[in-house]
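# Residue-level structural notes
For reference, the chains in residue letters:
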Amino acid sequence: MQNENRKTVLITGASGGIGIALAKIFAEHNYNLILTGRNIERLQSLSEEIHAISDVVIDTVIQDLNGQEGAEALFATLNERQLLVDVLINNAGLGMAGPFAEISLEKNLNILNVNCVALTTLTHLLLKQMLKRNSGYIINIASMAAYQAGPFMAVYYASKAYVLSFSEALAEELKKTNVNVSVVCPGPVITEFFARANMFAGRIPSGKYLKIMTAEQIAKATFLGMKKNKRTVIPGALNYISIIFNKFTPRRITAKFAGFFNLK
Ligand SMILES: NC(=O)c1ccc[n+]([C@@H]2O[C@H](COP(=O)([O-])OP(=O)(O)OC[C@H]3O[C@@H](n4cnc5c(N)ncnc54)[C@H](OP(=O)(O)O)[C@@H]3O)[C@@H](O)[C@H]2O)c1
């Protein structure tokens, strides 16, 4: 049963690094949570951890979001349980590093299905409800990868370029409504993403003045971005500056640069 006085946020990929941090920050700000992912144990232990310090209502939905069917199944579960979503966070995502031709077609399409198809399907289904109520917020987690081509992670970078473009377009389409859209573009973040994507983190610059951001910092920037109704959120001042440089650099050069970081 949902508490009428509280807003409810649906977070996909809530069993992973950034999703967990998002769940915690929204709970701190008194949002009821709908947490979804495939890893039951992780979602249960996250729910228990939050319940120990907060009385927000938490629903968990175990769902593979590999494409349209998965997103539709999640939407059907929300309807069965009569759960209304005030804030949708499309955070679930994956990547795979390596030469495109050497990554199986199945894996490449799996990236598009989760990062783009499920995200678009869920947005379409929930946006209609939000527009009926003329109230709602959609947050899509893209990446700094959205701003350039990414050799040796070609499909992942392209999928995030889609998320950025789609989200910014939607924000403009909806500007006269009370439904808002933010897209968040984190740089590298310390999570399991790197290991899962078989990525080489060794060339990512980090040091005293250039620290790799944490999932908690991304979640905080996301929450603040929503509060300020920012269309595009780029967490971290240095990341923001590098995107500005990126805009003035030929795409062939930015692709070369990205390829250098992605190559093992
Ligand atoms: N980490 C980074 O450096 C970084 C940088 C920029 C952007 N991002 C983006 O941030 C988002 C979260 O990444 P993260 O760093 O937190 O990675 P993570 O720790 O690997 O978490 C990924 C989440 O996505 C979910 N997921 C993956 N495939 C799924 C599927 N088929 N069905 C349902 N859920 C699925 C996972 O859930 P289950 O395992 O339970 O299925 C997990 O909760 C992603 O969209 C990623 O592209 C990450």
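As a starting point, this report considers the structure included with it. (Residues numbered from 1 in each chain as written. Predicted model: local features only at pLDDT ≥ 70, side-chain atom pairs only at ≥ 80, totals over all residues. Heavy atoms only, no water.)

### Thoughts on unusual backbone geometry
- Despite not being glycine, Gln-82 shows a phi value in the positive range, around 55 degrees.
- For Gln-82, a relative accessible area of 68% corresponds to the exposed category.
- Of note in the backbone geometry, Phe-152 takes a positive phi value of approximately 70 degrees without being a glycine.
- Mapped onto the fold, Phe-152 is located in the loop between strand 5 (136–141) and helix 5 (154–173). (Buried < 20%, exposed > 50% of the residue type's maximum accessible area, 1.4 Å probe, protein only. Helix = DSSP H or I, 4+ residues; strand = E, 2+ residues; numbered from the N terminus.)

### Some thoughts on the environment of Tyr-147
- Mapping Tyr-147 onto the fold places it in the loop between strand 5 and helix 5.
- The contacts of Tyr-147, once residues within four sequence positions are left out, are Leu-164, Cys-185, Thr-232, Ile-234, Ile-243, Asn-246, Lys-247 and Arg-251. (Contact = heavy atoms within 4.5 Å.)

### Here we look at the pattern of salt bridges
- In this structure the tally under the stated criterion is six salt bridges.
- Across the salt bridge formed by Arg-81 and Asp-59, the nearest N and O atoms sit 3.7 Å from each other. Of this pair, Arg-81 sits in the loop between helix 3 (68–80) and strand 4 (87–90) while Asp-59 is found in strand 3 (residues 58–62), placing the two residues 22 residues apart along the sequence.
- Arg-81 sits in the partly exposed class, given a relative accessible area of 39%. (Salt bridge = Lys/Arg side-chain N within 4 Å of Asp/Glu carboxyl O.)

### Remarks on the packing of aromatic side chains
- A complete count under the given rule lists nine aromatic pairs for this structure.
- Each ring, one from Tyr-156 and one from Phe-193, has its centre 5.2 Å from the other, and the planes form 50 degrees; the classification is tilted. A residue pair is termed long-range when its members are at least 10 positions apart, and Tyr-156 in helix 5 and Phe-193 in helix 6 (residues 193–196) qualify at 37 residues.
- A relative accessible area of 9% means that Tyr-156 is categorised as buried.
- Their ring planes at 80 degrees and their centres at 6.4 Å tell us that Phe-193 and Phe-194 sit as a pair that is edge-to-face.
- Phe-193 sits in the partly exposed class, given a relative accessible area of 21%.
- Ring pairing ties together the aromatic residues Tyr-156, Tyr-157, Phe-193 and Phe-194, which thus form one cluster. (Phe/Tyr/Trp six-rings, centres within 6.5 Å; stacked < 30°, edge-to-face > 60°.)

### Description of the sheet that holds strand 7 (residues 232–233)
- The seven strands are arranged 3-2-1-4-5-6-7 in an open sheet whose pairing can be described as parallel. The open sheet has two edge strands with one neighbour each: strand 3 and strand 7.
- Across four bridges, strand 4 lies against strand 5 in parallel orientation. Each bridged residue has a counterpart across the sheet, and for Leu-88 the counterpart in strand 5 is Ile-138. (Pairing = 2+ DSSP bridges.)

### A few points about the site of the ligand
- In the vicinity of the ligand there are 30 residues, among which Ser-15, Arg-38, Tyr-156, Thr-191 and Arg-196 approach most closely.
- With respect to the ligand, the backbone of Val-189 contributes an N or O atom lying 2.9 Å from an oxygen atom.
- Against a free-state accessible area of 880 Å², the protein chains account for coverage of 97% of the ligand.
- Ranked by residue count, the leading element in the shell around the ligand is helix 6, at three residues.
- Across the shell around the ligand, the residue classes break down as 13 nonpolar, 12 polar and five charged. (Near = heavy atom within 4 Å. Polar contact = N/O pair within 3.5 Å; in protein donor to acceptor, adjacent residues only side chain to side chain. Areas by Shrake-Rupley, 256 points an atom, 1.4 Å probe, with all protein chains shown as cover. Nonpolar A, V, L, I, M, F, W, Y, C, P; charged D, E, K, R; others polar.)

### Some details on the environment of Leu-94
- On the secondary structure map, Leu-94 appears in the loop between strand 4 and helix 4 (105–133).
- With a relative accessible area of 17%, Leu-94 lands in the buried category.
- Sequence separation between Leu-94 and Leu-78 is 16 residues, and the spatial gap between their C-alpha atoms is 24 Å.
- Dropping the residues within four chain positions of it, Leu-94 is found in contact with Lys-107, Asn-110, Ile-111, Val-114, Asn-115, Tyr-156 and Phe-193.

### A few points about the packing of helix 1 (residues 17–28) against helix 7 (residues 215–227)
- Where helix 1 contacts helix 7, the axes come no closer than 8 Å and their chain directions differ by 50 degrees. In this view, helix 1 runs oblique relative to helix 7, as classed from their interaxial angle. As for how helix 1 packs across helix 7, the hand of that crossing is right-handed. Counting all contacts with helix 1, which are made through Gly-17, Ile-18, Ala-21, Leu-22, Ile-25 and Phe-26, the residues of helix 7 involved are Ala-215, Glu-216, Ile-218, Ala-219, Lys-220, Thr-222, Phe-223 and Met-226.
- Residues of the contact of helix 1 with helix 7, tallied by class, amount to 10 nonpolar, two polar and two charged. (Axes fitted to C-alpha atoms, helices over the stretch in contact; angles between N-to-C directions. Parallel < 35°, antiparallel > 145°, perpendicular 65-115°, else oblique. Left-handed = near helix turned anticlockwise from the far one by under 90°.)

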